[in-house]
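Residues per chain are reported as follows:
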Amino acid sequence: MRNINNIISRCEELAFDLDFTRAKEWKNEDKSRVIVGYMPIYFPREIIHAAGGLPVAIFGGGDRKQIIKGDAYYQSYICHIPRSIIDMALDKHFDNFDGFIFPSICDVLRNLSGIFRTKGFGKFVKYMDFPQNFLPEVGGVFYQDEMRHVLHYIKEINGIKVTPERLNHSIGLYNKNRRLIEFIYDIREKYPWRLSMKDWYHILRAGTVIPVEEHNEILEEVAEYVKGDVGQRQDKVKVVLSGAFCEQPSVGLIRSVEDAGCYIVDDDLQLGSRMVIGDIDATSEEPLAAIAHAYIFQSRYSSSIYDVDNPKEYRLAKIVEERNADGVIFASASFCDPSLLDAPIFQNAFDRMGIRYIAFQFSENINQFKVIKEQVGAFSDSIKLWEDEPSSIPVAE
Ligand code: SF4
């Protein structure tokens, strides 16, 4: 096994390589290969893999790219991520990308797909509607049509016909990826000091820009590492971080939360890598139906999913309970409607249930966390001091 520090620093390099060097190297090895960029939150990467493509997550420039042109495309009261994505596109960071997929999350991303189309970025731009009807014969069938649409675009570029065998092979690889990720989350829940959230974030994010086969190898090595009795336990509380599923906070913010006395034992950062819970059937004669079935019946709670029969506040509360967490940190990107509209629903329910929480907002390019660190520090101290009084945290509406 390689040295864990070498693995982590390689993952950090990959995760924040805004030129996507590894993806471009991979593509150059074979003329039929394509790169398809997808925006947060979720996309079934299996289908791109099966079509001879590499799905690459686009999370924006974070705190590593100064926005110069992007501000001209969006008004000031809009989140930050679309501006940095536009800036990256105009500065040719996505050169060699063949197509772009914009999953339906919000109006901002939908409008960004329109800008990409009018600017002629890539060979195709697909705004992908995810079903909000959870009947397999309605939403499931619609979803399969949306996936076929994407496969059609890719076939027009590389001529590859996707067979059930190819799809099942790809599903199997992503099943393995999800299993390894959950294994490491489970170990971190019990022994969070073995792998910091900052390092885990880099490892997970690297997997969104490299072939799944390579990420599985990395995860196997990390899983071996966290099985060992490594690191030193510290006096910290356990929290679940929720709300940062699209625009990502800078890693400095994650580090600040940890330094302020919290172990983050679950989160919705990079939700797409974990959207499906458990395996997707990799033996089906109709693999697209299997993927749709998994989306309908095995999705995590998300602001992008309106599943009225499965209220998300109870689903988050269940995660808190299962992870033995002491509280929740709601971290929303500034002006992120999906996250900020959900926050009161969660918070009202948590007041009733006696689950402690705090809430704050961030922007991907902000790197000053003094206030947040103090707020989180007070939160963790109050949990330690009043462990038996779950409702002692003031409500942050
Ligand atoms: S951060 Fe929120 S508002 Fe902005 S694009 Fe993402 S989901 Fe939409």
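Residues numbered from 1 in each chain as written. Predicted model: local features only at pLDDT ≥ 70, side-chain atom pairs only at ≥ 80, totals over all residues.

Asks: What's the story with the site of the ligand in this structure? I'm lost.
Replies: Around the ligand, a shell composed of 14 residues is seen, among which C79, C106, C246, E247 and C336 lie nearest. The biggest single contributor to the shell around the ligand is helix α13 (residues 337-353), with three residues. Classifying every residue of the shell around the ligand gives 11 nonpolar, one polar and two charged. (Near = placed C-beta within 6 Å. Helix = DSSP H or I, 4+ residues; strand = E, 2+ residues; numbered from the N terminus. Nonpolar A, V, L, I, M, F, W, Y, C, P; charged D, E, K, R; others polar.)

Asks: What is the right way to read the packing of helix α7 (residues 164-190) against helix α9 (residues 212-227) from this model?
Replies: Working note: a packed helix pair is described by the angle between its axes plus the distance between those axes. Look at α7 against α9: their axes get within 9 Å of each other, and the N-to-C directions meet at 25°. Relative to α9, α7 is oriented roughly parallel. Regarding α7 and α9, the two cross each other, and that crossing is left-handed. Contacts between α7 and α9 pair L173, Y174, K176, N177, L180, I181, F183, I184 and I187 from the former with V212, E213, H215, N216, L219, E220, V222, A223, V226 and K227 from the latter. Each residue belonging to the contact of α7 with α9 can be placed in one class, and the counts come to 12 nonpolar, three polar and four charged. (Axes fitted to C-alpha atoms, helices over the stretch in contact; angles between N-to-C directions. Parallel < 35°, antiparallel > 145°, perpendicular 65-115°, else oblique. Left-handed = near helix turned anticlockwise from the far one by under 90°. Contact = placed C-beta atoms within 7 Å.)

Asks: Sorry if this is basic, but what is going on with the sheet that holds strand β7 (residues 327-333) here?
Replies: Sheet strands pair by backbone hydrogen bonding; their relative direction is either parallel or antiparallel. Overall, parallel pairing links the four strands, which are arranged β6-β5-β7-β8 in an open sheet. The open sheet has two edge strands with one neighbour each: β6 (262-267) and β8 (357-362). Pairwise comparison of adjacent strand axes, ignoring direction, gives a mean angle of 30° for this sheet. The sheet strands contacting α13 are β7 and β8, and the helix crosses β7 at an angle near 165°. The strands touched by helix α14 (residues 370-385) within the sheet are β5 (237-242), β6, β7 and β8, with β8 carrying the most contacts at an inclination of about 170°. (Pairing = 2+ DSSP bridges.)

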